[in-house]
Amino acid sequence: MQTARELEVLRKAVDALRGDGATIALVPTMGALHEGHLTLMREARRTADHVVASIFVNPRQFGEGEDFDAYPRQLARDSELLEKEGVALLWAPQPQEVYPQGYATNISVAGVSEGLCGGDRPGHFDGVATVVCKLFNQVRPDIAFFGEKDWQQLAVIRRMARDLDLTQPHVDAIRGVPIVREKDGLAMSSRNAYLSREQREQAGALPRAMRDAIAVLSEGGEAERPLGNLREVLQVSGFDSVDYAELRDADSLEPLEKDNGNARLFVAARIGGTRLIDNMAVE
């Protein structure tokens with residue numbers, strides 16, 4: 001596996017991979033890889049001739065007081081994992097390579113970025129959209145893979161790609177890959193490493209409470225009561241607060257009062273200093 005740290009090296013490596021019409025899949029990450037990330041790599045390998053993975057802890061998607069400095073950085077370990085998965089090229093730039101001196105452009109996606117994590121983290125999705133647009137232009141992939149745990153992020157990226165005509169000729173498809181979960185149902189996340197042993201046991205209440213709420217929501221009743229019960233269960237189970245627990249349309253992310261046949265439950269909750277997010281389809 002080749003590793004590129006400068007844009008010129010990346011572009012030469014991508015051109016070499018393309019060869020005689022070979023296809024390239026891009027998997028953007030912020031590192032601290034776990035089984036969820038590796039599942040993305042495997043899906044990408046099954047789809048394209050070559051996989052390019054990026055590791056970049058993007059400062060523009062972290063707000064004031066968030067964990068940018070503390071976010072785990074373990075490039076040597078991550079590189080070994082990617083090589084074992086057959087990744088052809090790792091793009092691991094420094095911040096100044098992505099945002100050189102004088103950088104002044106920002107991408108903002110209205111609608112799907114509003115509310116949920118967009119409400120709690122102002123500017124977060126501007127940073128996501130900006131860096132992903134740059135990654136698409138830098139790598140010029142045929143297809144890109146993202147985890148469905150960050151469902152709102154996926155919606156923002158899809159909207160941006162359509163609006164900015166990035167789907168042709170560079171990115172033919174932006175694919176979401178289902179959430180990979182621990183044995184107790186907790187969605188895999190790099191931030192799970194922040195949890196103490198006790199907090200990790202308590203965190204298992206999140207997917208259980210969501211499944212219980214979905215069992216009620218799927219019967220077609222109003223969402224207010226099961227969502228209220230979900231909040232109470234989490235706080236009794238050891239969570240410090242619930243940022244949101246909402247029912248929304250899976251495509252438009254419009255808020256819903258009851259299941260519309262395409263509903264998804266979104267939850268963000270804090271335990272200790274860690275913010276956990278999850279989402280599940282109402283089926």
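Think of each chain on its own: its residues are numbered from 1, step by step along the sequence as written. A pLDDT threshold of at least 70 governs which residues receive local features in this predicted model, and a stricter bar of 80 or more applies before side-chain atom pairs are shown or counted, although totals over entire chains, interfaces and linings include all residues. Hydrogens and waters are ignored; side-chain quantities use all the structure's heavy atoms.

Section: helix 6 (residues 124-139)
Okay, so step 1: By definition, any uninterrupted DSSP run of H or I lasting at least four residues is a helix, any uninterrupted run of E lasting at least two residues is a strand, and each is numbered from the N terminus. An expected span of 1.5 Å times one less than the residue number is assigned to each helix. Counted at 1.5 Å a residue, the expected span for helix 6 with its 16 residues is 22 Å, and the 23 Å between its end C-alpha atoms agrees.
Okay, so step 2: Counting buried residues along helix 6, 14 of its 16 residues qualify, which places the element largely inside the surrounding structure.
Okay, so step 3: Downstream of helix 6 by one or two residues, Arg140 has phi in the positive range, about 55°. A simple rule labels every residue: compare its accessible area, found with a 1.4 Å probe on the protein chains alone, to the largest value its type can have, and call it buried under 20%, exposed over 50%, or partly exposed in between.

Topic: the sheet that holds strand 5 (residues 143-147)
Okay, so step 1: Strand order in this open sheet of six strands is 1-4-3-2-5-6, and the pairing throughout is parallel. Two strands in the sheet have a free side with no partner beyond their single neighbour: strand 1 (2-4) and strand 6 (173-177). Put simply, the sheet's adjacent strands are angled 25° from each other on average, direction ignored.
Okay, so step 2: Two elements, strand 1 and strand 4 (residues 89-91), share three bridges in a ladder whose sense is parallel. When DSSP locates at least two bridges between a pair of strands, those strands are taken to pair. Note on method: axes are straight lines fitted to C-alpha atoms, helices fitted across the in-contact stretch only, with angles between N-to-C directions ranging 0 to 180 degrees.

So, the environment of Val236
Okay, so step 1: Its location among the elements puts Val236 in helix 10 (residues 224-236).
Okay, so step 2: Assessed through its relative accessible area of 75%, Val236 is described here as exposed.
Okay, so step 3: Here the alpha-carbon distance between Val236 and Gln202, two residues 34 residues apart in the chain, equals 9.8 Å.

Re the nonpolar core
Okay, so step 1: Throughout, nonpolar core names a set of buried Ala, Val, Leu, Ile, Met, Phe, Trp, Tyr and Cys residues whose side chains join them through atoms within 4.5 Å. Judged by nonpolar contacts, the single largest core of 45 residues is most densely connected at Leu10, Leu89, Val132, Phe136, Phe146 and Met160.
Okay, so step 2: Residue assignment for this core shows that the elements contributing at least two residues are helix 1 (7-18), strand 2 (24-29), strand 4, helix 5 (116-120), helix 6, strand 5, helix 7 (151-163) and strand 8 (263-271).
Okay, so step 3: If you tally residues by element for this core, the top one is helix 6, at nine residues.
Okay, so step 4: Ranked by size, the runner-up nonpolar core spans 26 residues in total, among them Met210, Ala269, Ile271 and Met280.

Brief notes about the packing of aromatic side chains
Okay, so step 1: Classification of ring pairs uses Phe, Tyr and Trp, with its six-membered ring standing for Trp, and accepts pairs whose centres are within 6.5 Å; under 30 degrees between planes counts as stacked, over 60 as edge-to-face, and the remaining range as tilted. Summed over the entire model, instances satisfying the criterion amount to four aromatic pairs.
Okay, so step 2: Ring geometry for Phe56 and Tyr99: centres 6.2 Å apart, planes at 50°, overall tilted. Residue Phe56 is found in the loop between strand 3 (50-55) and helix 3 (75-84), and its partner Tyr99 is found in the loop between helix 4 (95-98) and helix 5; the two are separated by 43 residues along the sequence.
Okay, so step 3: What makes Tyr99 buried here is its relative accessible area of 12%.

Notes on the UniProt feature "binding site: beta-alanine" (unreviewed entry) in the protein
Okay, so step 1: UniProt positions are given in the numbering used here, feature names are shortened, and annotations may be inferred rather than shown by experiment. Using the residue numbers shown here, the UniProt feature "binding site: beta-alanine" (unreviewed entry) corresponds to Gln61.
Okay, so step 2: With respect to the secondary-structure elements, Gln61 resides in the loop between strand 3 and helix 3.
Okay, so step 3: When its relative accessible area of 10% is taken as the criterion, Gln61 is described as buried.
Okay, so step 4: Contacts are residue-level and defined by heavy atoms, with any inter-residue pair within 4.5 Å sufficient. Non-local contacts of Gln61, meaning those with residues more than four positions away in its chain, are made with Met30, Glu66, Arg121, His124, Gly127, Val128 and Val131.

Here we look at the packing of helix 9 (residues 205-217) against helix 10
Okay, so step 1: The interhelical angle for the contact between helix 9 and helix 10, taken along N-to-C directions, is 165°, at an axis separation of 9 Å. The orientation of helix 9 relative to helix 10 falls into the category roughly antiparallel. Between helix 9 and helix 10 lies a crossing of right-handed hand. Residues Ala205, Leu206, Ala209, Met210, Ala213, Val216 and Leu217 of helix 9 touch helix 10, and the partners they reach there are Pro226, Leu230, Val233 and Leu234.
Okay, so step 2: Residues belonging to the contact of helix 9 with helix 10 are distributed by class as follows: 11 nonpolar, no polar and no charged. Oblique is the label for every angle not falling under 35 degrees (roughly parallel), over 145 degrees (roughly antiparallel), or within 65 to 115 degrees (roughly perpendicular). Working rule for handedness: look at the near helix, and if it is turned counterclockwise from the far one by less than a right angle, call the crossing left-handed; if clockwise, right-handed. Gly counts as polar in this scheme, as do all residues outside two lists: the nonpolar Ala, Val, Leu, Ile, Met, Phe, Trp, Tyr, Cys and Pro, and the charged Asp, Glu, Lys and Arg.

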